[in-house]
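Letter by letter, the chains look like this.
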Amino acid sequence: MQDLKKEVRERLANKQSIEAIRLSLINQGFLETDVDEAISSVSHIVSKKNNKKNSALIAKGFFKELFDRLGFGFGSQQYINILFFLSGASLFFIGIINGIRVLLIALLTPLIDEWTRVKKLSNSIIILNGFLFALSFVLIILAKRFNLISLFIVSFIVSAITLVIFGNSYSKLLKQNLKPEKMGILGRISKIGLIITAISLFASAYIMDKFTNGYLISFGIAAGCFIISAFTLFLFKCSIHKQEAGTINLIKDLKTHIGLFLKNKIILVLLIASTITAFVQTIGNFYYGIFIYTFLGKTGFGGFLNVAVVFIVATLASLIAPYITRMNAKAYGKFPMLVFGTLLIAIMPLTYFYNPNLVSISMATMLGILGAAIVGVAHGLLILDLLHEADRRYYFRVSNLLITIPYIITIPIGSYIAQAFGLKTLFLVLGLTLVCIVMPLYLIIIMLYSRKFKV
């Protein structure tokens, strides 16, 4: 019986299913009752070990996620852009450097994803990038302390490169070692994390407003949080294993699928609309915090706290966005959602132009978050109808890359408008772009869809 148990244990370790093991052993001449007893005994022990291992992994993951969320709150990109501005950077330059950061993240994300599919990525590489990401916040402190714009640029580039490897690779590491149904509290970490981020956003703003050189404290805390987060990965004792044999063929596959996507008129128009919408959201996010800090600086809570209040409202809106989106999807369908969601997104920059006070901006930001969620779901439903499963998976993998390529032209244009005509004019242009260009594109999509499917 001990030999039989040993055999079962070895086969389970080789990822064979219990039913396959059972049939194989019975076919080898073992008694059915002995096989069942051995499987029952061994699988119970293995299950106990796995549960213990999963619990430990969940605890480590939660600890890491906690410090990640705290770090992102204390070192908010909105606060970084404000410090960049206060150090003497022009609005045009802020837009260009932020654009480079966004493009780096967009380009590196699919490349790293493809790399980890065919190559093993060790835990030590992820940890190293975690420490370097923490270093980028130290560089922010030094850049502001000595008003070195060049150091801001270095910190932006370092954070973009390391964030992709540290953040995305960690997510894949977790998925490979923990099944979705075994995630426990990690399955709800996004909701808990939003609350933690909101609290740390407020705490960071309070520190920077109330203390001289408060950014030293806030960004020091952010750096410390990510250092602890990186140290936590030492406890994971696992690596990202490659998912398939072969070489990286992203460029070849990209060419193949771009041809497929561009031949489909609906997808082509959808990509154009998505590109414009993403540009409006991206360029707006570069400047919303700076505008609130400078234009509303002496009203409301003042300074960084005004910025914190607006983005805390946005953060909390993210909690209810999925529920509202699901209700809209059932009640109205994908096409009204595309148009309505886009209108909600447009309200955000238009409010910054027409009625820039703390309450209206906070409400408009909340509506913008809800609109983005609604458009995202409607977009997904439409792609579900248009593409087969294999093409659909690839579309979602590369669409972020495809829609950010035009940023090379559009972000300098948006940054120039901000510098030459002011932020209010930029926000007006962004809002009108959504209303006058994107919404008509969605009407074209509706007509093309009706012809193709004869709705």
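Refer to the structure printed above.
Let us look at the structure shown here. (Residues numbered from 1 in each chain as written. Predicted model: local features only at pLDDT ≥ 70, side-chain atom pairs only at ≥ 80, totals over all residues. Heavy atoms only, no water.)

## Quick word on the overall build of the protein
Quick reminder of the rule: Note on conventions: DSSP H or I runs of at least 4 residues are helices, E runs of at least 2 residues are strands, and numbering of each starts at the N terminus. We get accessible surface area from the Shrake-Rupley algorithm with a probe of 1.4 Å; when it comes to residues, only the shown protein chains can shield them.
Helix and strand counts for the protein come out as 17 helices and zero strands. For the protein, the accessible area works out to roughly 21900 Å², and carbon and sulfur atoms hold 67% of it.

## So, the packing of aromatic side chains
This is how the line gets drawn: Any two rings among Phe, Tyr and Trp, with Trp reduced to its six-membered ring, count as a pair given centres within 6.5 Å; such a pair is stacked if its planes are under 30 degrees apart, edge-to-face if over 60, and tilted if neither.
Summed over all chains, the structure comprises 24 aromatic pairs. A centroid spacing of 5.9 Å and a plane angle of 50 degrees characterise the contact between phenylalanine 72 and phenylalanine 133, whose relative ring orientation is tilted. Taken as a pair, phenylalanine 72 in helix α3 (residues 32-74) and phenylalanine 133 in helix α6 (residues 123-145) lie far apart in primary sequence, 61 residues in all. On the numbers, 4.7 Å between centres and 90 degrees between planes, the contact of phenylalanine 353 with tyrosine 354 is edge-to-face.

## Here we look at helix α11 (residues 265-295)
Residues spaced three or four apart along an α-helix point in a common direction, a consequence of the helix completing one turn every 3.6 residues. This is how the line gets drawn: Expected span of a helix, by definition, is 1.5 Å for each gap between consecutive residues, and there is one gap fewer than residues. Note on bend: the value at a residue is the angle between axes fitted to the seven residues ending there and to the seven starting there. Only protein chains enter the calculation, and the probe is 1.4 Å; a residue is then buried if its accessible area is under 20% of its type maximum, exposed if over 50%, and partly exposed in between.
A rise of 1.5 Å per residue sets the reference length of α11, with its 31 residues, at 45 Å; its end C-alpha atoms lie 43 Å apart and thus fit the reference within 8%. The axis of α11 is deflected most strongly, by about 35 degrees, at asparagine 285. Taken across its 31 residues, α11 has 23 buried, putting it largely inside the fold.

## Let's talk about the packing of α11 against helix α16 (residues 407-421)
Rules: A fitted line through C-alpha atoms represents every axis, and for helices the fit uses only the stretch in contact; the resulting angles, taken between N-to-C directions, go from 0 to 180 degrees. Small angles under 35 degrees read as roughly parallel and large ones over 145 as roughly antiparallel, with 65 to 115 read as roughly perpendicular and the rest as oblique. Each crossing gets its hand from how the near helix is turned against the far one by less than a right angle, where anticlockwise is left-handed and clockwise is right-handed. In what follows, residue pairs with any heavy atoms lying within 4.5 Å of each other are defined as contacts. Lys, Arg, Asp and Glu make up the charged group, whereas Ala, Val, Leu, Ile, Met, Phe, Trp, Tyr, Cys and Pro make up the nonpolar group; the residues left over, Gly among them, are polar.
Two elements in contact, α11 and α16, have axes whose closest approach is 11 Å; the angle formed by their N-to-C orientations is 45 degrees. Classified by the interaxial angle, the pair formed by α11 and α16 is oblique. Our pair here, α11 against α16, has a crossing hand that is right-handed. For the pair formed by α11 and α16, the contact residues are Thr275, Ala278, Phe279, Thr282, Ile283, Phe286 and Tyr287 on the first element and Tyr407, Thr410, Ile411, Gly414, Ser415 and Ala418 on the second. Taken together, the residues that form the contact of α11 with α16 break down as eight nonpolar, five polar and no charged.

## Quick look at the side chain of lysine 64
This is how it is decided: Nitrogen and oxygen atoms within 3.5 Å of one another constitute a polar contact, given that in protein one can donate a hydrogen and the other can accept it, and given that sequence-neighbouring residues count only through two side-chain atoms.
Take lysine 64: it is sitting in helix α3. Classification of lysine 64 by relative accessible area gives buried; the value is 1%. Looking at lysine 64, its side chain comes within polar contact range of the side chain of serine 229, at 3.3 Å. In contact with lysine 64, other than residues within four places in its own chain, are Phe166, Tyr170, Ser229, Thr232 and Leu233.

## Digging into the packing of helix α5 (residues 91-118) against α16
In contact at an axis separation of 8 Å, α5 and α16 are set at 155 degrees when each is read in the N-to-C sense. As judged from the angle between their axes, α5 and α16 are roughly antiparallel. The two elements α5 and α16 cross, and the hand of that crossing is right-handed. Taking contact as the criterion, the partners of Leu91, Phe92, Gly95, Ile96, Gly99, Val102 and Leu103 in α5 are, on α16, Tyr407, Ile408, Ile411, Pro412, Ser415, Tyr416, Ala418 and Gln419.

## Looking at the environment of methionine 348
Of note, methionine 348 is situated in helix α13 (residues 334-354). For methionine 348, a relative accessible area of 9% translates into the label buried. Along the sequence, methionine 348 and serine 362 sit 14 residues apart, while their C-alpha atoms lie 9.0 Å from each other. In contact with methionine 348, other than residues within four places in its own chain, are Tyr288, Ala364, Thr365 and Gly368.

## What about the environment of methionine 366?
As for its position among the elements, methionine 366 is in helix α14 (residues 358-386). Separated by 55 residues in sequence, methionine 366 and phenylalanine 311 place their C-alpha atoms 8.6 Å apart. Methionine 366 has contacts with Val313 and Ala317, leaving out every residue within four places of it along the chain.

## Here we look at helix α4 (residues 77-86)
Within α4, seven of the ten residues are buried, leaving the element largely enclosed by the surrounding structure. The complete set of buried residues in α4 reads Gln78, Tyr79, Ile80, Asn81, Ile82, Leu83 and Phe84. Capping the start of α4 is the job of one residue whose side-chain oxygen sits 3.2 Å from the backbone nitrogen of glutamine 78: serine 76. Phi turns positive, to about 110 degrees, at glycine 88, one or two residues after α4.

## Some details on the nonpolar core
To be explicit about the condition: Residue types Ala, Val, Leu, Ile, Met, Phe, Trp, Tyr and Cys, when buried and joined through side-chain atoms within 4.5 Å, form a set referred to as a nonpolar core.
Core analysis: the largest hydrophobic core is formed by 101 residues, its most contacted members being Tyr79, Phe219, Tyr287, Tyr352 and Leu423. A per-element tally of this core places α11 first, with 17 residues. Dropping the residues within four chain positions of it, leucine 423 is found in contact with Leu91, Tyr287, Ile290, Phe291 and Ala418.

## Side note on unusual backbone geometry
Most peptide bonds take the trans form, and the phi angle of most residues other than glycine is negative. Located in the positive-phi region is asparagine 147, a residue other than glycine, with phi close to 50 degrees. In this fold, asparagine 147 is placed in the loop between α6 and α7 (149-177). Even without a glycine there, the phi angle at asparagine 213 is positive, about 55 degrees. With respect to the helices, strands and loops of the structure, asparagine 213 is situated in the loop between α8 (189-210) and α9 (214-232).

## What about the side chain of threonine 342?
When you line up the elements, threonine 342 lands in helix α13. Side-chain polar atoms of threonine 342 contact the backbone oxygen of leucine 338, separated by 2.7 Å.

## Some remarks on the pattern of salt bridges
What counts here: Each salt bridge in this description consists of a side-chain nitrogen of Lys or Arg and a carboxyl oxygen of Asp or Glu lying within 4 Å of one another.
Considering all chains together, one arrives at two salt bridges under this definition. Two residues, lysine 64 and aspartate 68, come together in a salt bridge whose shortest N-O distance is 2.5 Å. Note that lysine 64 and aspartate 68 are positioned in helix α3 at a spacing of four residues, about one turn of the helix. Pair check on accessibility: lysine 64 and aspartate 68 agree, each one buried.

## Some words on the environment of alanine 364
Among the structural elements, alanine 364 can be located in helix α14. Separated by 19 residues in sequence, alanine 364 and isoleucine 345 place their C-alpha atoms 8.4 Å apart. Not counting residues within four places of it along the chain, the set of residues in contact with alanine 364 comprises Ile347, Met348 and Thr351.

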